[in-house]
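# Results of the structural survey
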Amino acid sequence: MGNIYSFWETWLIPHVEQFYHNKYFTAIRKTFYVLIPFWLTMSTLDVIDNLILNPNGLIMSSKGLNLGYWITGGLSGDDFLNSGFANILLTYKKIVDIGYKIITILIVSILSKYLAEIFDSDKYLTIFCSLASFLFFSQVLNTNHSEIGDYFSRRGYFSAFFVAFTSSFLFAKLTKVKKLIIKTPESLPPEMANYISKTFPILLTLMIFSLMSLILNLLNQSFESFEIFLSQSDIFQEPIFVMLYQFIVWILWWLGIPGYAVTSKIMELGYIPAQLSNQIGESSKIFSTGFFEAGVIHVMGLMIAILVFSQHDHWRSVAKFSMTAMFFNIQEIFIFGLPVILNPIFLVPYILAPLANVFVGYIAISWGIVPIFQVDIPWTMPLILSAAIGTHSIMGAILQIVWLIMDIFIYAPFVITANAIETSADKAVSQ
């Protein structure tokens, strides 16, 4: 263990700390900090929608308490779903969807504001360029409005980060080119003159993103046949591929980048169709969206390991504060508050635990111990309960409990090691 301490203290921690304090990653972290209350708000509204107000959910439909039957005076089945009351409930869902779209706009705005400080460019014009570029990039002017929501939903988070970075960088660089700055009359108010002088950098930035959007449209058409080929292959059900997929997801999260948002195309091509196929009884796919819905359960394992094994007061307080949100699959408060993000102590278990969960889940389902995930469960559905509903079996809940116990033991040695490092660091400071 002494060699491990020495490696962490003398090489890994100093290098990762430099990485952690990188100004661009700092901007991402600050953006997440601002967005956390909005995420919590929308997640709460999402839980209310899916658990209580959903016409097809556990409370209102005949699959659960059938409360809708009593409220509507005896309507059930299609009659209930077509009723005015059910339509009102569906309106609430639209409100929730709009809330998530607003978060994507907030990502672009807030991150652009911090990047403007880094690039030393005008804050308001940088935000404007990023928002306009995002609209261009997301093809808002495209007549196919069915695809627009993808760019403003949780799938659009990666697009938001990408556009905010690139547009802010382009605008800042272009404003440094003197030939692109319009010379204004001295008689104009200074603030007005400053904004007018930046017209060409704004124009060029938006033209670049318009061209980029056009190119992506052409590429998308070219890749359609390849995507069809991928969606019809069995690669998404191969355990090795799933392991690689989960490795990428969680290494991205450790870097502070939303892993599932970046890899949403994999979910769209491979695991959403698998879930739908399971749901209508056409197949029995092991890996589907339901399998991954409780992906953050290993973070709950770290939380419990800290409460049991850690003597670090800060960590314990963050774990207690984040517990409720984590129960609903919201990990951001905990992983940024501890932090887990870019923390070298937790890198190995943060990657290892979800991979172990995939392996154990694959064995349990392929051997027939646990049924496949048949129902598409909302991501905010509470842990344990989500698996029981998703598999229509108590064995689904038991699988998640096994995952949780296993994850606690995976994290425990690292939490204990962290205690030793923190203790030695405290002693060094006191001396």
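Here the focus is the overall build of the protein. Assigned secondary structure in the protein consists of 20 helices and zero strands. Here the protein has roughly 21300 Å² of accessible surface; of this, 68% comes from carbon and sulfur atoms.

Right, let's get into the packing of helix α15 (residues 297-309) against helix α18 (residues 347-366). A pair of packed helices can be characterised by two numbers: the angle between their axes and the separation between those axes. Two elements in contact, α15 and α18, have axes whose closest approach is 9 Å; the angle formed by their N-to-C orientations is 125°. Here α15 lies oblique to α18, going by the angle between them. Taken as a pair, α15 and α18 cross one another with a handedness that is right-handed. Contacts between α15 and α18 involve Ile 297, His 298 and Val 299 from the first element and Tyr 350, Ala 353, Pro 354 and Asn 357 from the second.

Together, Leu 65, Leu 67, Trp 70 and Ile 71 give the surface a local cluster of nonpolar side chains, amounting to about 460 Å² of exposed area. As for its placement among the helices and strands, Trp 70 is situated in helix α3 (residues 67-71). According to the relative accessible area criterion, Trp 70 is exposed, its value standing at 63%.

Of note, the amide linkage connecting Leu 338 to Pro 339 takes the cis form, showing an omega dihedral of -5°. Position of Pro 339 relative to the elements: it lies in the loop between α17 (332-337) and α18. Even without a glycine there, the phi angle at Asp 120 is positive, about 55°. When you line up the elements, Asp 120 lands in the loop between α5 (84-119) and α6 (123-137). The class of Asp 120 is exposed, set by a relative accessible area of 63%. Backbone geometry places His 392, a non-glycine residue, at a positive phi of 55°. Position of His 392 relative to the elements: it lies in the loop between α19 (385-391) and α20 (394-430).

With that settled, the discussion passes to the packing of helix α2 (residues 23-53) against α5. For the pair α2 and α5, interaxial distance at closest approach is 9 Å and the crossing angle is 175°. Here α5 runs roughly antiparallel to α2, going by the angle between their axes. When its residues are assigned to classes, the contact of α2 with α5 shows 24 nonpolar, three polar and five charged.

One can find Met 323 in helix α16 (residues 313-327). A relative accessible area of 25% places Met 323 in the partly exposed class. Setting aside chain neighbours within four positions, we find Met 323 in contact with Met 300, Met 303 and Leu 307.

The next subject is the confidence of the model for the protein. Put simply, the protein has an average pLDDT of 80, and 84% of its residues get 70 or more. When pLDDT is averaged over each element of the protein, α18 comes out on top at 92 and helix α7 (residues 148-151) at the bottom at 43. Low pLDDT, under 50, characterises residues 140-153; the stretch is placed with 25 contacts to residues that sit more than four places away or in other chains. Segment residues 425-431: pLDDT under 50, and zero contacts once partners within four positions in sequence are set aside and those in other chains are kept.

Turning our eyes to something else, we now look at empty space enclosed by the protein. In the structure shown here, the tally under the stated rule is two cavities of 30 Å³ or more. By volume, the largest cavity is sized at about 70 Å³. For the largest cavity, the full set of lining residues is Gln 246, Phe 291, Phe 292, Ala 294, Gly 295, Pro 354, Asn 357, Val 358 and Trp 403. When residues of the lining of the largest cavity are traced back to their parent elements, those giving at least two are α14 (289-292) and α18. In terms of residue class, the lining of the largest cavity is made up of six nonpolar, three polar and no charged.

Once that is clear, we can look at the packing of aromatic side chains. Counted by the stated rule, this structure contains 18 aromatic pairs. Summarising the aromatic geometry, the rings of Tyr 24 and Phe 119 are spaced 6.1 Å apart at their centres and angled 40° between planes, so their arrangement reads as tilted. Residue Tyr 24 is found in helix α2, and its partner Phe 119 is found in helix α5; the two are separated by 95 residues along the sequence. Residue class for Phe 119 comes out buried when judged on its relative accessible area of 15%.

Turning to the pattern of salt bridges, a few remarks are in order. In total, this model carries one salt bridge according to the counting rule given. With a shortest N-O distance of 3.0 Å, Glu 117 and Lys 113 are connected by a salt bridge. Separated by four residues within a single helix, Glu 117 and Lys 113 lie in helix α5, roughly one turn from each other. The class for Lys 113 is partly exposed, based on a relative accessible area of 26%.

Further remarks concern α2. With 31 residues, α2 should cover 45 Å at 1.5 Å per step; its first-to-last C-alpha distance of 43 Å lies within 8% of that length. Leu 35 marks where α2 bends most, by close to 45°; the proline Pro 37 follows one to four residues later.

Relative to the assigned elements, Ala 305 resides in helix α15. A sequence separation of 105 residues divides Ala 305 from Ile 410, and the C-alpha atoms of the two residues are 9.0 Å apart. The contacts of Ala 305, once residues within four sequence positions are left out, are Ser 310, Ile 408, Tyr 411, Ala 412 and Val 415.

This paragraph deals with the environment of Gln 237. Along the chain, the position of Gln 237 falls in the loop between α10 (199-232) and α11 (239-254). With 49 residues separating them in the primary sequence, Gln 237 and Ile 286 have C-alpha atoms 7.0 Å apart. Apart from the residues within four sequence positions on either side, Gln 237 is in contact with Tyr 271, Ala 274, Lys 285, Ile 286 and Phe 287. From its side chain, Gln 237 meets the backbone oxygen of Phe 287 in a polar contact 2.7 Å long.

Rules and cut-offs
- Residues numbered from 1 in each chain as written.
- Predicted model: local features only at pLDDT ≥ 70, side-chain atom pairs only at ≥ 80, totals over all residues.
- Heavy atoms only, no water.
- Helix = DSSP H or I, 4+ residues; strand = E, 2+ residues; numbered from the N terminus.
- Areas by Shrake-Rupley, 256 points an atom, 1.4 Å probe, with all protein chains shown as cover.
- Axes fitted to C-alpha atoms, helices over the stretch in contact; angles between N-to-C directions.
- Parallel < 35°, antiparallel > 145°, perpendicular 65-115°, else oblique.
- Left-handed = near helix turned anticlockwise from the far one by under 90°.
- Contact = heavy atoms within 4.5 Å.
- Patch = residues over 30% accessible without salt bridge, like charges linked within 9 Å, V, L, I, M, F, W, Y side chains within 5 Å.
- Salt bridge = Lys/Arg side-chain N within 4 Å of Asp/Glu carboxyl O.
- Buried < 20%, exposed > 50% of the residue type's maximum accessible area, 1.4 Å probe, protein only.
- Nonpolar A, V, L, I, M, F, W, Y, C, P; charged D, E, K, R; others polar.
- pLDDT = per-residue confidence, 0-100.
- 1 Å grid on protein atoms, 1.4 Å probe; cavity = no way out; pocket = protein on both sides within 12 Å on 5 of 7 lines; lining within 4 Å.
- Points joined across faces, edges and corners; volume = space filled by probe spheres on them.
- Phe/Tyr/Trp six-rings, centres within 6.5 Å; stacked < 30°, edge-to-face > 60°.
- Expected span 1.5 Å × (residues − 1).
- Bend = angle between axes of the 7 residues up to and from the residue.
- Polar contact = N/O pair within 3.5 Å; in protein donor to acceptor, adjacent residues only side chain to side chain.

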